[in-house]
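# Close look at the chain arrangement
Here's the letter readout for the chains.
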Amino acid sequence: MKIHEYQAKDILAKYGVAVPRGEVANTLDEALEVAKRLFAEGAKGVVVKAQIHAGGRGKGGGVKVAKTLEEAEQYAKQILGMQLITHQTGPQGQKVQRLLIEETAAIDRELYLGIVLDRAAAKLVFMASQAGGMEIEEVAARDPKAIHKAYIDPAVGFQPYQARELAFALGLKPTQINDAVKFMMGLYKAYMDTDSSLLEINPFITTKDDKLFALDCKINFDDNAMFRHKDLKELRDIAEEDPLEVEASKYALNYIKLDGNIACMVNGAGLAMATMDIIQYAGGMPANFLDVGGGANQQQIEAAFAILLADKAVQAIFINIFGGILRVDVLATAVVAAAKKLNVTLPIILRLEGTNVEEGRKILQESGLKFQVGSTMKEAAELVVAAAKRQ
Ligand code: GDP
Ligand code: MN
């Protein structure tokens, strides 16, 4: 689950991590009120920042520094409601519905800090780089040595000596080292307490008067841990998410929209990945990733069908099920019911194996609906690719 920068900064503040003074604004009036207050409190300028769930806002024109209240008004007008396009939004962009208005900082250096899980090492890794402000992926590709890493032993957690090493690698002044260590320990604690999957401060800045601030912050939470964070769950902003993915989440379906025209309905994430691969191998393009889970019921299968059909790009449906906990006959009954109820006219190709597969095939045959069943996964993939081409 992703959250906005302003929400992430609220979390950081609770962990003693310094963030600039500022507040979120949902309307132009609110934005002006916040800007007015910051100026009254002595701010030399304010920065108007688009709040969307994507990075690269600065380059896309979604971050502007204003020296006066008039300038702030002009930028707020310009950014609020705009369709902001960044390298992470895709060409259609994302509508800006909120702004963060913050006091500007007198930036000396722009650095980078980040915590992620390194799956290969099976450990969290704390990263620090002097090349902050820009796209860290680019830095990693061009000059991997510019990113310093501290691997975190899960048994003991992130240690102050590791934070000190990273602080020195950032070339911080001796007077900044202790503050930087506290800053990093705070980030680690925030990451752990919130069950994050990613926490990034880019840029992590030093100011002309030697202070440290998180000027930007991105936090993603581990969806599978959200059940134990009711408060964090409320930070979700569904206006930022794909409407079909929001609908899928209501039925506990793991759905991710993709660009192709072959809809996939699969049980199990591994099989879903293999299904997308084999569709491409057969010359087609999957329209989505969809894992209906091990124990899907009739209601979920119907919801899954409705979601797949709502994607106008879809021209054929590939149902690939290995009956385990979800028995094939139960699945077949649900598919037949859903196809009748939703009046599905698109070609449906199935590949079925596992528990009660014979009963399942019989239910499909006797349904009177036109399904094609592939005898192997490869054959089914070829059938569905051919069917999509014919549409
Ligand atoms: P992103 O582009 O989505 O990552 O948004 P950021 O919050 O990182 O902002 C992009 C850039 O805007 C930063 O790297 C800074 O150079 C600049 N910026 C952000 N806030 C301030 C500020 O308070 N003062 C100044 N001078 N520049 C800022
Ligand atoms: Mn940034």
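Residues numbered from 1 in each chain as written. Chains lettered and ligands numbered in written order. Predicted model: local features only at pLDDT ≥ 70, side-chain atom pairs only at ≥ 80, totals over all residues. Heavy atoms only, no water.

### Examining the overall build of the protein
As a reminder of what qualifies: Per the convention used, a helix needs a DSSP run of H or I reaching at least four residues, while a strand needs a run of E reaching at least two, with both numbered from the N terminus. Each residue is assigned to one of three classes by its accessible area relative to the maximum for its type, calculated with a 1.4 Å probe on protein chains only: buried under 20%, partly exposed between the two thresholds, exposed over 50%. Two residues qualify as a contact provided that any one of their heavy atoms is within 4.5 Å of a heavy atom in the partner residue. Every accessible area reported is derived by Shrake-Rupley at a probe size of 1.4 Å, with residue values counting cover from the shown protein chains alone. Positive residues here are Lys and Arg, negative ones are Asp and Glu, while His and the chain termini are left out of the count. Lysine's charge is taken at NZ, arginine's at CZ, aspartate's at CG and glutamate's at CD.
Scanning the protein for helices and strands turns up 13 helices and 18 strands. Seen along its three principal axes, the alpha-carbon backbone of the protein occupies a region of about 80 × 50 × 40 Å. Here the protein, with 391 residues, has 49% of them falling under the buried criterion. Sequence separation of 24 or more characterises 68% of the internal contacts of the protein that already satisfy a separation of 6 or more. Per element, the accessible surface of the protein, about 18,900 Å² overall, is 53% carbon and sulfur. For the protein, the distance from the average position of its 45 positive side-chain charges to the average position of its 50 negative side-chain charges is 1 Å.

### A closer look at the sheet that holds strand β1 (residues 22–25)
Basically, it comes down to this: For two strands to be treated as a pair, DSSP must find no fewer than two bridges joining them. Orientation is described by axes fitted as lines to C-alpha atoms, over the contacting stretch for helices, and by angles from 0 to 180 degrees between their N-to-C directions.
Pairing within the open sheet is antiparallel, and its four strands lie in the order β1-β6-β2-β3. Of all strands in the sheet, those bounded by a partner on one side alone are β1 and β3 (63–66). Averaged over neighbouring strand pairs, the angle between their axes works out to 20° when direction is ignored. In the sheet, strand β2 (residues 46–50) pairs with strand β6 (residues 99–103) via five bridges, with the strands oriented antiparallel.

### Remarks on the domain arrangement of the protein
Our working rule: Boundary definitions for the domains trace back to an automatic or database domain assignment. Accessible-area loss on putting two parts together, using a 1.4 Å probe and summing over both, is the definition of buried area adopted here. The salt bridge definition used is simple: a Lys or Arg side-chain nitrogen within 4 Å of an Asp or Glu carboxyl oxygen. Polar contact is the term for a pair of N or O atoms within 3.5 Å; when the atoms are in protein, one must be able to donate a hydrogen and the other to accept it, and sequence-neighboring residues count only if both atoms are side-chain atoms. Throughout, the ten residues Ala, Val, Leu, Ile, Met, Phe, Trp, Tyr, Cys and Pro are labelled nonpolar, Asp, Glu, Lys and Arg are labelled charged, and all others, Gly among them, are labelled polar.
In terms of domains, the protein is made up of domain 1 (1–19 + 106–241), domain 2 (21–104) and domain 3 (242–390). Between the C-alpha centres of domain 1 and domain 2 there is a distance of 22 Å. Between domain 1 and domain 2, the residue contacts involve 15 residues of the former and 17 residues of the latter. For the pair domain 1 and domain 2, the summed buried area comes to about 1,400 Å², and 37% of that belongs to carbon and sulfur atoms. At the surface where domain 1 touches domain 2, the tally comes to six salt bridges. With a closest N to O distance of 2.8 Å, R98 and D237 form a salt bridge. The interface formed by domain 1 and domain 2 holds ten residue pairs in polar contact (both at pLDDT 80 or more) in total. Looking at the side of domain 1 that touches domain 2 element by element, the count peaks at three residues for helix α1 (residues 5–14). When the residues that make up the side of domain 1 that touches domain 2 are grouped by side-chain class, the tally is six nonpolar, one polar and eight charged.

### What to know about unusual backbone geometry
Leaving glycine aside, a negative phi is the common case for residues, and trans is the common case for peptide bonds. Cis rather than trans, the peptide bond between N202 and P203 has omega equal to 10°. Along the chain, P203 turns up in strand β10 (residues 196–207). Even without being a glycine, N343 presents a positive backbone phi close to 55°. With respect to the helices and strands, the residue N343 is situated in the loop between α11 (328–341) and β17 (348–354).

### Let's talk about the packing of helix α9 (residues 269–281) against helix α13 (residues 377–390)
Under the convention used in this document: When an angle is under 35 degrees it counts as roughly parallel; over 145 it counts as roughly antiparallel; between 65 and 115 it counts as roughly perpendicular; any other value is oblique. In a left-handed crossing the near helix is turned counterclockwise from the far helix by less than a right angle, and in a right-handed crossing that turn is clockwise.
At a closest axis distance of 9 Å, the pairing of α9 and α13 adopts a crossing angle of 60°. The pairing of α9 with α13 is recorded here as oblique in orientation. α9 and α13 meet at a crossing whose hand is right-handed. Residues L271, A274, T275, I278, I279 and Y281 of α9 form the contact with α13, whose participating residues are M377, K378, A381 and V385. Classifying every residue of the contact of α9 with α13 by side-chain character gives eight nonpolar, one polar and one charged.

### A word on the pattern of salt bridges
Opposite charge on two side chains permits them to pair, given that their charged atoms come into close proximity. One pass over the structure, following the stated rule, counts 24 salt bridges. Its salt-bridge partner being E102, residue K9 comes within 2.6 Å of it at the nearest N-O pair. On the criterion of sequence distance, the pair formed by K9 in helix α1 and E102 in strand β6 is long-range, its members being 93 residues apart. You can call E102 buried: its relative accessible area is 1%. Notably, a salt bridge pairs D210 with K173, separated by 2.8 Å at the nearest N-O pair. In this pair, D210 is assigned in the loop between β10 and β11 (212–214) and K173 in the loop between α5 (160–169) and α6 (174–193), connecting sequence segments 37 residues apart. Of the residues examined, K173 reaches a relative accessible area of 38% and is grouped as partly exposed. One continuous salt-bridge network, built from bridges that share partners, spans E5, K9, K49, R57, E102 and D216.

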